[in-house]
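The residues making up each chain are set out below.
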Amino acid sequence: MGTSIDVTLHERGADAARVDLLHRQFRQELRHVDAVDVVPSSGQLPGPVEPGARGLDPETMNALAVAVIGSGGLAGLISSLRAWLGRASEETRSVRLEISGDVIELSGASSVEQEDLLRIFLARHGAPPP
């Protein structure tokens, strides 16, 4: 397949450090999903990194680029995102997905609504339904 999806996670009330932690934890979760490769989104980098720089501040690393490289990758990614959304306790979580400039944000929708929205969104990009 070979689809690249930018994934941005958000939690209402979260500061930059919390958002950074959420992305790091989700990236670790995706390491256990077959047929996906995850890197910080290059679209989020502020430009060339200065020689000797030790890292980037959390605000610049607020998205992940997920390359879906196999038939089960998309289903694994969507399953992981649903689980992440479902783990929200008091705070409202949202997920923003972007494929080639086309964006969908899932927040506060029921699982049935999420599935319908994702199916329509992915179909626009020739991706099979999860």
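See the structure printed just above.
This write-up is about the structure you can find in this document.

What counts as what
Residues numbered from 1 in each chain as written. Predicted model: local features only at pLDDT ≥ 70, side-chain atom pairs only at ≥ 80, totals over all residues. Heavy atoms only, no water. Helix = DSSP H or I, 4+ residues; strand = E, 2+ residues; numbered from the N terminus. Buried < 20%, exposed > 50% of the residue type's maximum accessible area, 1.4 Å probe, protein only. Salt bridge = Lys/Arg side-chain N within 4 Å of Asp/Glu carboxyl O. Polar contact = N/O pair within 3.5 Å; in protein donor to acceptor, adjacent residues only side chain to side chain. Contact = heavy atoms within 4.5 Å. Core = buried A, V, L, I, M, F, W, Y, C linked by side-chain atoms within 4.5 Å. Pairing = 2+ DSSP bridges.

## Quick notes on unusual backbone geometry
You will see that Ala35, though not glycine, has its phi angle at about 70°, which is positive. Looking at the secondary structure, you find Ala35 in the loop between helix H1 (16-30) and strand S2 (36-40). Even without a glycine there, the phi angle at Ser100 is positive, about 50°. Turning to its location among the elements, Ser100 is positioned in the loop between strand S4 (93-99) and strand S5 (102-107). Overall, the relative accessible area of 75% leaves Ser100 in the exposed class.

## Focus on the pattern of salt bridges
What the rule picks out here adds up to 8 salt bridges. Of the charged contacts in the structure, one is a salt bridge between Asp20 and Arg24, with a shortest N-O distance of 2.7 Å. Of this pair, Asp20 and Arg24 both sit in helix H1, separated by 4 residues, roughly a single helical turn. Overall, the relative accessible area of 14% leaves Asp20 in the buried class. A single network of salt bridges, built from pairs that share partners, joins Glu11, Arg18 and Arg93.

## Brief notes about the side chain of Glu11
Examined against the element boundaries, Glu11 turns out to sit in strand S1 (residues 3-11). Within the local environment of Glu11, its side chain forms a polar contact with the side chain of Arg18, the two groups lying 2.8 Å apart. Of note is the side chain of Glu11, whose polar atom sits 2.9 Å from the side chain of Arg93.

## Some words on the side chain of Ser80
On the secondary structure map, Ser80 appears in helix H2 (residues 73-86). A polar contact is formed between the side chain of Ser80 and the backbone oxygen of Gly76, at a distance of 3.0 Å. Not counting residues up to four positions away in its chain, the partners in contact with Ser80 are Phe26, Leu30 and Val33.

## Quick word on the nonpolar core
Most often, soluble globular proteins have nonpolar side chains that are buried together. By size, the foremost hydrophobic cluster in this structure holds 27 residues, and its most contacted members are Ile5, Val7, Phe26, Leu77, Leu81, Val95 and Leu97. Contributing elements (two or more residues each) for this core: S1, H1, S2, strand S3 (64-68), H2, S4, S5 and helix H3 (111-123). Here the element with the most residues in this core is H2; it accounts for 6 residues. For Leu97, the contacting residues outside a window of four places in its chain are Ile5, Asp6, Val7, Leu81, Asp102, Val103, Ile104, Leu118 and Phe121.

## Re the pairing of S1
Examined bridge by bridge, S1 and S3 share 5 bridges and lie antiparallel to one another. Residue pairing in the sheet places Ser4 in a bridge with Ala67 of S3. Pairing geometry for S1 and S4, over 6 bridges, is antiparallel. Each residue of the ladder has a partner; that of Leu9, found in S4, is Val95.

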